[in-house]
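Overview (structure and organization)
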Amino acid sequence: MTSQAVSIPADGSAIAGDLALPPQSGAVVLFAHGSGSSRHSPRNRAVAASLQDAGLGTLLMDLLTEQEEQVDMVTARHRFDIGLLGRRLVSAIDWLAEEPATAGLPLGLFGASTGAAAALVAAAERPGRVRSVVSRGGRPDLAGDALSRVRAPVLLIVGGDDRAVLEMNREAGAALRAPHRMHVVPGATHLFEEPGALEAVAAAAADWFLRPGHETQTGPTGPSVVPPPEEGP
């Protein structure tokens, strides 16, 4: 495993990130954290560690500059600016495409909470680069019109007891034209703090990112495919 701190150019400034690449990585997954969090999110780092164990590279990054973060801590003005957050992810996608170690790797996006909306916006902007998207407890509804422009297959992971977000994901899923499915973790709430819940998220995400055929789905994908939600007991 090679791990390094990286600096990603964005909007005339630089964003901090942590890049980890297992030997012979099968793909690299770019993480987008939720509102009020950072690349140090313990939940995202736990999922990233599981993906690394499965042979996937990961890039966890901040979505705000240090100055923006200071302002956001007081005003919360940036954390819901999905357009800004999406542009930051696009900058990271372009950076990964130019780095020798990652340029040839398929790319997946993993977004949590508001970061899921930003990931979908970025996927819509880079349809030829993003192979697949996973949302964890996400707010895909905040991606707005970008939902219909996403071409990569999307997995929506939601806690079974996170009722409001579950309904938001179902409504957003109806707007997606790309192949997608919803994976409901029974008994889990918004932060997946229940025993085994985050492990279930990591397993479902790894399966989605490693699924054969995703690497070919970079153009129009045809009708949506939405199996029934996996409701638990």
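Our structure is the block above this text.
These notes cover the structure that comes with them. All values derive from a computational prediction rather than experimental measurement. (Residues numbered from 1 in each chain as written. Predicted model: local features only at pLDDT ≥ 70, side-chain atom pairs only at ≥ 80, totals over all residues. Heavy atoms only, no water.)

Here's the deal with the sheet that holds strand 5 (residues 107-112)
We count it as follows: Pairing between two strands is assigned when DSSP locates at least 2 bridges connecting them. For the purposes of this entry, the term helix denotes a DSSP run of H or I that reaches at least four residues, the term strand denotes a run of E that reaches at least two, and both are numbered from the N terminus. Here, axes are lines fitted to C-alpha atoms. For helices the fit covers the stretch in contact, and angles between N-to-C directions go from 0 to 180 degrees.
As summarised here, the arrangement of the 8 strands in space is 1-2-4-3-5-6-7-8, forming an open sheet in which the pairing is mixed. Each end of this open sheet is capped by a strand with a single partner; those strands are strand 1 (2-10) and strand 8 (180-185). Looking at each pair of strands side by side, their axes are set apart by 20° on average, direction ignored. With 9 bridges connecting them, strand 1 and strand 2 (residues 13-21) associate as antiparallel partners. Counted as the bridge partner of Val6 is Gly17 from strand 2.

Here's the deal with the pattern of salt bridges
Put simply, the rule is: Salt bridges are identified by distance alone: a Lys or Arg side-chain nitrogen within 4 Å of an Asp or Glu carboxyl oxygen. Any residue under 20% of the maximum accessible area for its type is buried, any over 50% is exposed, and the rest in between are partly exposed; the area is computed with a 1.4 Å probe on protein chains only.
Using the criterion set out here, one finds 10 salt bridges in the structure. The partner of Arg88 in a salt bridge is Glu68, and the shortest N-O contact between them spans 2.8 Å. Of this pair, Arg88 sits in helix 3 (residues 82-98) while Glu68 sits in helix 2 (residues 66-75), and the two are 20 residues apart along the sequence. An identical accessibility class is assigned to Arg88 and Glu68; each is buried. Here Asp161 and Arg163 are joined by a salt bridge, their closest N and O atoms 3.9 Å apart. Through salt bridges with shared partners, one network takes in Asp18, Arg39, Arg45 and Asp62.

Topic: helix 6 (residues 197-210)
Helical geometry: 3.6 residues make up each α-helical turn, so side chains three or four residues apart lie on a common side. What counts, and what does not: Expected span of a helix, by definition, is 1.5 Å for each gap between consecutive residues, and there is one gap fewer than residues. Two residues qualify as a contact provided that any one of their heavy atoms is within 4.5 Å of a heavy atom in the partner residue.
A rise of 1.5 Å per residue sets the reference length of helix 6, with its 14 residues, at 20 Å; its end C-alpha atoms lie 20 Å apart and thus fit the reference within 8%. Ala197, Leu198, Val201, Ala202, Ala204, Ala205, Ala206, Trp208 and Phe209 are the residues of helix 6 that are buried. Packed against the buried residues of helix 6 are strand 3 (28-32), helix 1 (42-53), strand 5, strand 6 (130-136), strand 7 (154-159) and strand 8.

Points about the side chain of Ser113
Take Ser113: it is sitting in the loop between strand 5 and helix 4 (114-125). Judged by relative accessible area, Ser113 falls into the buried class, the value being 18%.

Side note on unusual backbone geometry
If you check the backbone angles, Asp11 has positive phi at about 50° while not being a glycine. Considering the arrangement of structural elements, one finds Asp11 in the loop between strand 1 and strand 2. The backbone phi angle of Ser113 is positive, close to 55°, even though this residue is not glycine.

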